[in-house]
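# Close look at the chain arrangement
Listed here are the chains, written in short residue letters.
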Amino acid sequence: MWKGIKSYTLTLQINNTLKRNHSLRLSAIVATALFFIIGCTGETGTTAIDVLPDSDLIGLTYSDTFTIEMETIVIDSFTTYQAGRQIFGNYLDPEFGDISAATYTEVLPRSGLNFGDTANIRYDSIVLRMNIDNYYGRLETPQALVIHELTEKFPETDTMYSNDSLAYDAAWNLAGDRVLDFSQQGVDIITVRLDDSLGRRILFANADTLGDKDLFKELFKGFYISTKPLRYFSREPGAIFSLFAASTSTQLELYYQKRDSASGPFTAKMEPFLISLSTPRFHNFKRNNFNEKIISQYLTQPDQSTFYEVIQGGGIINYVKLPYIKNLGEVLISKAELLLYVETKFLGSNNRFQPPIELESIFADENKQEVIISGTRVLLSDPADFDANEGAYVIRLNNYIQELLIERRENYGFFLAPNNRSFQVNRAIFGGTGHPTLKPVLRVTYTNLPK
């Protein structure tokens, strides 16, 4: 069921009796008007009131009474394969439920790796170095790190999704008793000493296995990385961590000693196993125990709620449509902005649950799907930043609305989604179309074109 803000009659000069064949004529009028505006002011969208004679006067008109239809949509599966970041960890959100994420990744040996005669090498240790460069939630909560060895190889594919998983040995935590505790400092590059049996297996493997990537994947298939589930020992506990897996600071490091001959001294060495941009890796994302939370009533399909709308990186987006915008008639858009107001009382203590940094507006097609060309989503405009002072996102729709008015584009609506939604879990609760004070507003400033 659609949810809308009911319009009242515009007390403006609006032509509501447009014919279907007006497109070419209106396009010419728009081009002419733009010529006058740009020529006299040097900037599209601003007008000098004395540019034209009185008989051709262009006057600015403003309205914010348009009907807006909104719908919250849950995406059950989205691609996270080789994303810019991987995520892992747990946090308990009082409004959105229990959020968890886990990363799956291979590590690769250098081509032709050979440690030499096993009689001349000694094992020291094996360490996983991880570049953790961001987080979402309460950083101060200690989390028990979990690193399992994969027992299932990555499939031959070019994509993996947020609801995919690979089998791993859950009985064996390679990280031992390691706890992530960033209470005294921010996130950073960390090193985790892993179980020595893994290091010995790699160091003393057959040279043919070490030197061939396919054979190495049989020896060691990769890592599952996450943290143990949390309990409510503190308010809003836990965090989701951002792992820059493809960074040069993230790699598996094997420390050992080697000598050149049976009588020579041993020298300390380190062999890196890399995670590069092309390394198979992905993460999954889960939301549990949210039935008693505020979002439960806004995730039902079809969406019939109007008081609030919700959005979150990791699978919750919004669909927006402006059903009666063409009632504006033959006008030139100077400025069009959609304002979405965030309910700040749900941002958590110390505003720890910040809204998405940016929202993307993405064209929808006739099947109510995102328009994607060559693997890239087609955007209406530049991403909109969250304005903390206004408590809102301001989404520029100048070109989009003008194209609707001159019938260069069908009115299929558009989607709003967090930028970097595949690896950022920021969330927000908007005022819906039925909210008394925070309902979304479309503000349009335009000119009635000269006849």
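Let me begin by describing the structure that accompanies this report. (Residues numbered from 1 in each chain as written. Predicted model: local features only at pLDDT ≥ 70, side-chain atom pairs only at ≥ 80, totals over all residues. Heavy atoms only, no water.)

### Some words on helix α2 (residues 196-203)
Along α2, the residues classified as buried are L198, G199, I202 and L203. Summarising the axial view, the buried residues of α2 lie within an arc of 125°, below the 170-degree limit, and thus occupy one face. Buried residues along α2 sit in contact with β5 (121-137), α3 (207-210), α4 (213-219), β9 (223-227), β11 (251-258) and β12 (267-274). (Buried < 20%, exposed > 50% of the residue type's maximum accessible area, 1.4 Å probe, protein only. Helix = DSSP H or I, 4+ residues; strand = E, 2+ residues; numbered from the N terminus. Arc of directions from axis to C-beta. Contact = heavy atoms within 4.5 Å.)

### Section: the side chain of R281
Examined against the element boundaries, R281 turns out to sit in strand β13 (residues 281-288). Reaching out from R281, the side chain makes a polar contact with the backbone oxygen of S276 at a distance of 2.9 Å. In terms of polar contacts, R281 uses its side chain to reach the backbone carbonyl oxygen of T279, at 3.0 Å. (Polar contact = N/O pair within 3.5 Å; in protein donor to acceptor, adjacent residues only side chain to side chain.)

### Digging into the nonpolar core
One finds L194, I202 and F223 to be the most contacted residues of the largest nonpolar core, which totals 39 residues. Listing elements by their share of this core, those giving two or more residues are β5, β6 (143-149), β8 (189-193), α2, α4, β9, β10 (238-243) and β11. Each residue touching F223, except ones within four places of it in the same chain, is listed here: T103, Y104, T105, V107, L128, I147, H148, L150, L174, L194, L198 and L252. V331, F386, I395 and A428 belong to the second-largest nonpolar core, a separate cluster that totals 34 residues. (Core = buried A, V, L, I, M, F, W, Y, C linked by side-chain atoms within 4.5 Å.)

### Quick word on the packing of aromatic side chains
Scanning the entire structure with this criterion turns up 20 aromatic pairs. Judged by centre distance (4.7 Å) and plane angle (0°), the rings of Y104 and F282 are stacked. Of the two residues, Y104 sits in strand β4 (residues 97-105) while F282 sits in strand β13, which places them 178 residues apart along the sequence. Each member of the pair Y104 and F282 is classed as buried. Ring plane angle 15° and centroid distance 5.6 Å describe the contact between F216 and F273, whose orientation is recorded as stacked. (Phe/Tyr/Trp six-rings, centres within 6.5 Å; stacked < 30°, edge-to-face > 60°.)

### Notes on a negative patch on the surface
The grouping of E156, D208, D212 and D214 at the surface amounts to a negative patch. Of note, D212 is situated in the loop between α3 and α4. The partly exposed category is assigned to D212, whose relative accessible area is 31%. (Patch = residues over 30% accessible without salt bridge, like charges linked within 9 Å, V, L, I, M, F, W, Y side chains within 5 Å. Areas by Shrake-Rupley, 256 points an atom, 1.4 Å probe, with all protein chains shown as cover. Salt bridge = Lys/Arg side-chain N within 4 Å of Asp/Glu carboxyl O. Lys, Arg positive; Asp, Glu negative; His and termini not counted. Charge placed at Lys NZ, Arg CZ, Asp CG, Glu CD.)

### A look at the pairing of β9
With five of five residues buried, β9 lies mostly within the body of the structure. Neither face of β9 is left uncovered, since the one carrying F223, I225 and T227 and the one carrying Y224 and S226 both have all their residues buried. Pairing analysis gives three bridges linking β4 to β9, with the strands arranged antiparallel. Paired with T105 across the bridge in β9 is F223. (Pairing = 2+ DSSP bridges.)

### A short note on the pattern of salt bridges
Taken as a whole and assessed by the stated rule, the structure comprises 16 salt bridges. Residues K217 and E106 are paired through a salt bridge, measuring 3.6 Å at the closest nitrogen-oxygen approach. Of this pair, K217 sits in helix α4 while E106 sits in the loop between β4 and β5; the two residues are 111 residues apart in sequence, bridging distant segments of the chain. Look at K217 and you get partly exposed, because its relative accessible area is 21%. With relative accessibility at 5%, the residue E106 sits in the buried group. In this structure, the salt-bridge partner of R193 is D196, at a minimum N-O distance of 3.2 Å. Using a relative accessible area of 48% as the deciding quantity, one classes R193 as partly exposed. Put simply, R235, E236 and R352 are held in one network by salt bridges that share partners.

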